[in-house]
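# Breakdown of the fold
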Amino acid sequence: MKKLWIVILAVLFLWNTGTCMAEDPATVTVNGTATVKVPADRAQIYLGVETRAETAGEASRENAERMNTLIRALLESGIEQEKIVTQNYAVNSIYDYSSAVPAVTGYTVSNMLVITVEDVSRIGGVIDTGLASGANQCNGITFMTTQEQTAKDEALRAAIAEGYRRATIAAEACGCNPGELVSMQETFSSFGGVVNSYAMDKRSDATEIYANHLEYTANVTITLTVYPAAE
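Here goes a summary of the coordinates provided. (Residues numbered from 1 in each chain as written. Predicted model: local features only at pLDDT ≥ 70, side-chain atom pairs only at ≥ 80, totals over all residues. Heavy atoms only, no water.)

### Observations regarding the overall build of the protein chain
Formally: Secondary structure elements follow DSSP: runs of H or I of four or more residues count as helices, runs of E of two or more count as strands, with numbering from the N terminus. Burial classes follow relative accessibility: with a 1.4 Å probe on protein chains only, a residue under 20% of its type's maximum area counts as buried, one over 50% as exposed, and anything between as partly exposed. Only heavy atoms enter the contact rule, under which two residues are in contact if any of them lie within 4.5 Å. Residue exposure ignores everything except the shown protein chains as possible cover, and the areas themselves are Shrake-Rupley values with a 1.4 Å probe.
Across its full length, the protein chain holds four helices and nine strands. Starting at the N terminus and ending at the C terminus, the protein chain contains elements arranged as α-β-β-α-β-β-α-β-α-β-β-β-β. Here the protein chain holds 231 residues, and 32% of them are scored as buried. Across the protein chain, contacts joining residues at least 24 apart in sequence account for 80% of those joining residues at least 6 apart. For the protein chain, the accessible surface area stands at approximately 14300 Å², while carbon and sulfur atoms represent 54% of it.

Spelled out as structure tokens, the structure:
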């Protein structure tokens, strides 16, 4: 009797397994990618003042004087107060390593600003104003766009459409029809956002900055069920 029950359970197990396997449809997994380019219409400029002196107090006082002059000039040029933000402030020792025991010979004070400009045609003028008004550091430019979310949405839609197109081709090549969506994963990447060239305008001797385009790329991995095509 015991052996009979074992045989019955084994048959039931195999029947259930076979039924589950039969109910699980085949799937196809593909990738879809799309890129959308949009022009930069905003920028952040990194301008700062670095000073050196024998004492930290002297370096700090000189830095504060030059930074105040810089900020006043930026405000007078039309930059709004809330568009000027301190990014970093640091005091560091200067060492002389010529002897066995390093000795402190002075101090540096660095104060870096982030200036947001909502008109990219003004970038060169802001840099020139800053460098003429106390700034002695320019740590680059970051381009941005107010169309970022719109560009991402457009790229995602196009990537999904590309994924479905490729899934349909793959299914038909295997003699099947695409079915329902099983899963989808998405990732985004961006390119650009940094200054791509400097130039001097021969007519005005002003710094000319050329804003680049920003690229937003959507990548999706789509899994669809597939069914044998009807004959």
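What follows continues from the structure just given.
### Here's the deal with a nonpolar patch on the surface
Counted only if it meets this: Residues qualify for a patch when their relative accessible area is over 30% and they have no salt bridge, like charges being joined within 9 Å and the nonpolar side chains of Val, Leu, Ile, Met, Phe, Trp and Tyr within 5 Å. A side-chain nitrogen of Lys or Arg and a carboxyl oxygen of Asp or Glu constitute a salt bridge if their distance falls within 4 Å.
Judged by side-chain polarity, Y95, Y97 and V104 come together as a nonpolar surface patch covering roughly 340 Å² of accessible area. The topology assignment puts V104 in strand β4 (residues 103–117).

### Here we look at the sheet that holds strand β3 (residues 84–96)
Sheets are built from strands that pair by backbone hydrogen bonding, the pairs being arranged parallel or antiparallel. The test is simple: A pair of strands is considered paired only if DSSP assigns at least 2 bridges between the two. Interaxial angle, 0 to 180 degrees, is taken between N-to-C directions of lines fitted to C-alpha atoms, where a helix line uses only the stretch in contact.
One open sheet accounts for four strands, arranged β3-β4-β2-β5; its pairing is antiparallel. Looking at which strands have only one partner, the edges of the open sheet turn out to be β3 and β5 (137–144). Recorded for the sheet is a direction-independent mean angle of 15° between the axes of neighbouring strands. Note that β3 and β4 share twelve bridges and pair antiparallel.

### Notes on the nonpolar core
Formally: Here, the term nonpolar core denotes a set of buried Ala, Val, Leu, Ile, Met, Phe, Trp, Tyr and Cys residues that are joined through side-chain atoms within 4.5 Å.
Counting 40 residues, the largest nonpolar core has I45, L74, I115, I123, V126 and F143 as the members making the most contacts within it. Looking at this core, the elements with two or more residues in it are β1 (26–39), β2 (42–53), α2 (56–76), β4, α3 (123–131), β5, α4 (148–173) and β9 (213–228). A total of seven residues in this core trace back to one element, the largest contributor, which is β9.

### Topic: the sheet that holds β1
Read across the sheet, three strands follow the order β1-β9-β6 without closing on themselves; strand pairing throughout is antiparallel. Across the chains shown, the open sheet's two edge strands, defined by having one partner strand only, are β1 and β6 (176–191). Shown here is a sheet whose adjacent strand axes are inclined to one another by a mean of 20°, direction ignored. Relative to β9, β6 runs antiparallel, the two sharing 13 bridges. The residue of β9 that forms the bridge with T187 is N219. Sheet strands in contact with α4 are β1, β6 and β9, and its direction is about 150° off that of β1.

### Structural notes on the pattern of salt bridges
Pairs may arise between side chains of opposite charge once their charged atoms sit close together. Following the criterion strictly, the structure yields five salt bridges and no others. The residue E118 makes a salt bridge to K83 at a minimum N-O spacing of 2.8 Å. Of the two residues, E118 is situated in the loop between β4 and α3 and K83 in the loop between α2 and β3; the sequence distance between them amounts to 35 residues. In this structure, the salt-bridge partner of R165 is E162, at a minimum N-O distance of 2.9 Å. Of the two residues, R165 and E162 both sit in helix α4, three residues apart, roughly one turn of that helix.

### Concerning the pairing of β9
Where β1 and β9 come together, 14 bridges link them in antiparallel fashion. Looking across to β9, one finds that V28 is bridged to L224.

### Structural notes on the side chain of T223
Turning to its location among the elements, T223 is positioned in strand β9. Among all residues touching T223, those that are not within four sequence positions of it are T27, V28, T29, E180, L181, V182 and S183.

### Considering the environment of A211
Tracing the sequence through the fold places A211 in the loop between β8 (206–209) and β9. Residue A211 is classed as partly exposed on the basis of its relative accessible area, which comes to 34%.

### Let's talk about α4
Rules: How far a helix is expected to stretch is found by multiplying one less than its residue total by 1.5 Å.
Helix length check: α4, at 26 residues, gives a terminal C-alpha distance of 37 Å against a target of 38 Å (1.5 Å per residue), a fit within 8%. Burial in α4 covers these residues: A151, A155, L156, A159, G163, A167 and A171. Turning to α4, the residues buried within the fold contact β1, β6 and β9. The positive-phi residue at the C-terminal boundary of α4 is G175, with phi of around 75°.

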